[in-house]
Structures are given as structure tokens and as C-alpha cells.
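Architecture and fold: a report
Listed below are the residues making up each chain.
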Amino acid sequence: MVDAWEASVEAQIRSAQERGEFDNLPGMGKPIPGRDLPYDESWWITSFLEREALPTDLLLPTPLQLRRRVEQVPDEVRDLPTEESVREFVGLLNQEIVTFLRYPSGPRVAVRPVDTEAVLRGWRAHRAARAVPAASAPMPAPPARRRPRWRWPWRRPPG
């Protein structure tokens, strides 16, 4: 039974080759990508992530994703315009963390809610540091005009 099935598949492939259905396929005559690399069991995952330009954080278990997000909080809130928006951002993240802590899954990794007041202190300090140099720095003087070092060959030097 298996031999008859294989024979019919081979016959279909042969007839498609004769009709020219395999001619001019994309990638024809090009080397197979990654052929010289060592074998990787998760090659299809990495190729999918590269092709779709997805972040590799998606492969992490939930507690590690949350820890990474907690580490990135200062960078995430740095450009937010108001304290309310910073509080809202931290509140939503803390809500996700509390939900995870109620129903944990994945490896045992310590994840704690973010201290909103500490984040706000850092946000205020960053905004103050960014505002002070701009306000206290004097206006730079325009660059002085210099005479060119070279002279045109048909001009005489000034006298």
C-alpha cells in the first residue's frame, strides 16, 4: 500500500517536472541560507523571528518577561509628559505583575510590583537634569570668520 502511494507521488512530481512547474522558482540557483551553520534545533523559531522582525523577549516565560519590563521602566517613562501618565504606566505594569503573582506559571522567579514613588523620583530628577543645562547655559557665540589658508593663483596677496 505504501509503495503504491509513493509511486503515485513520484509520478505526480515527474509529470510536474515535465510540464515545467518547477522552473523559475524563487531562490533557484541560490545557496540554501544557513547551510554552513551548525545545526540548531530551534532554527525555525529564530528564522521566524528574524523574518517577522519580532523581539526575542516573546520567547521568555512570563516571569522573566515581567522582570525585563521592570528593568526597562526608567527608560520607558523617561519621555512621558506628565506624572499622571507615569503613574498610569506603572499602575498597568503592577496590575500585570499582581495578576501573575495570583496565578503563577513558569519558572520560579521573584517578581515584585514596581514602587511608583521611586519611579516618579527618578522621572522628576531626569526632567530636572534635562531642563537645567538648557536654561542656564549661555548662548554660544557665533564662530569667528577666518581667512582661508589658500589663495587663488590669479589674485595678488593684499598689500
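This text follows the structure it describes.
Just so we're clear, the structure is a prediction, and the values are computed from it rather than from any experiment. (Residues numbered from 1 in each chain as written. Predicted model: local features only at pLDDT ≥ 70, side-chain atom pairs only at ≥ 80, totals over all residues. Heavy atoms only, no water.)

1. Remarks on the pattern of salt bridges
Enumeration according to the criterion identifies eight salt bridges in this entry. Linking Arg-69 and Glu-96 is a salt bridge whose minimum nitrogen-to-oxygen distance equals 2.6 Å. One end of the pair, Arg-69, is in helix α3 (residues 62-71); the other, Glu-96, is in helix α5 (residues 83-102), with 27 residues separating them in the sequence. Classification of Glu-96 as partly exposed rests on a relative accessible area of 38%. Between Glu-117 and Arg-87 there is a salt bridge, and its shortest N-O distance comes to 3.1 Å. Taken together, the positions of Glu-117 in helix α6 (residues 116-136) and Arg-87 in helix α5 put the pair 30 residues apart, joining distant regions of the chain. (Salt bridge = Lys/Arg side-chain N within 4 Å of Asp/Glu carboxyl O. Helix = DSSP H or I, 4+ residues; strand = E, 2+ residues; numbered from the N terminus. Buried < 20%, exposed > 50% of the residue type's maximum accessible area, 1.4 Å probe, protein only.)

2. A word on the side chain of Asn-94
As for its position among the elements, Asn-94 is in helix α5. For Asn-94, the residues in contact, after removing those within four places along its chain, are Pro-113, Val-114 and Thr-116. (Contact = heavy atoms within 4.5 Å.)

3. Some details on the packing of α3 against α5
Orientation of α3 relative to α5, taken along the N-to-C sense of each, is 155°, at an axis distance of 11 Å. One way to sum up the angle between α3 and α5 is to call them roughly antiparallel. Crossing of α3 against α5: the hand is left-handed. Taking contact as the criterion, the partners of Thr-62, Pro-63, Leu-66, Arg-69 and Val-70 in α3 are, on α5, Leu-93, Glu-96, Ile-97 and Phe-100. (Axes fitted to C-alpha atoms, helices over the stretch in contact; angles between N-to-C directions. Parallel < 35°, antiparallel > 145°, perpendicular 65-115°, else oblique. Left-handed = near helix turned anticlockwise from the far one by under 90°.)

4. Quick notes on unusual backbone geometry
For Asn-24, which is not a glycine, the phi torsion comes out positive at approximately 60°. Counting through the fold element by element, Asn-24 comes out in the loop between α1 (2-19) and α2 (43-52). A positive phi angle, close to 55°, is found at Ala-53, a residue other than glycine. Within the secondary structure, Ala-53 sits in the loop between α2 and α3. Accessibility expressed as a relative area gives 66% for Ala-53, which makes it exposed.

5. Side note on the nonpolar core
Membership of the largest hydrophobic core comes to 13 residues, with the highest contact counts inside it found for Val-73, Val-86, Val-114 and Val-119. Elements with a minimum of two residues in this core: α4 (73-77), α5 and α6. For this core, the element with the most residues is α5, which contributes five residues. With residues near it in sequence (within four places) discarded, Val-73 still touches Phe-89, Val-90, Leu-93, Val-114 and Val-119. (Core = buried A, V, L, I, M, F, W, Y, C linked by side-chain atoms within 4.5 Å.)

Such coordinate-based values are descriptive only and should not be taken to indicate function.
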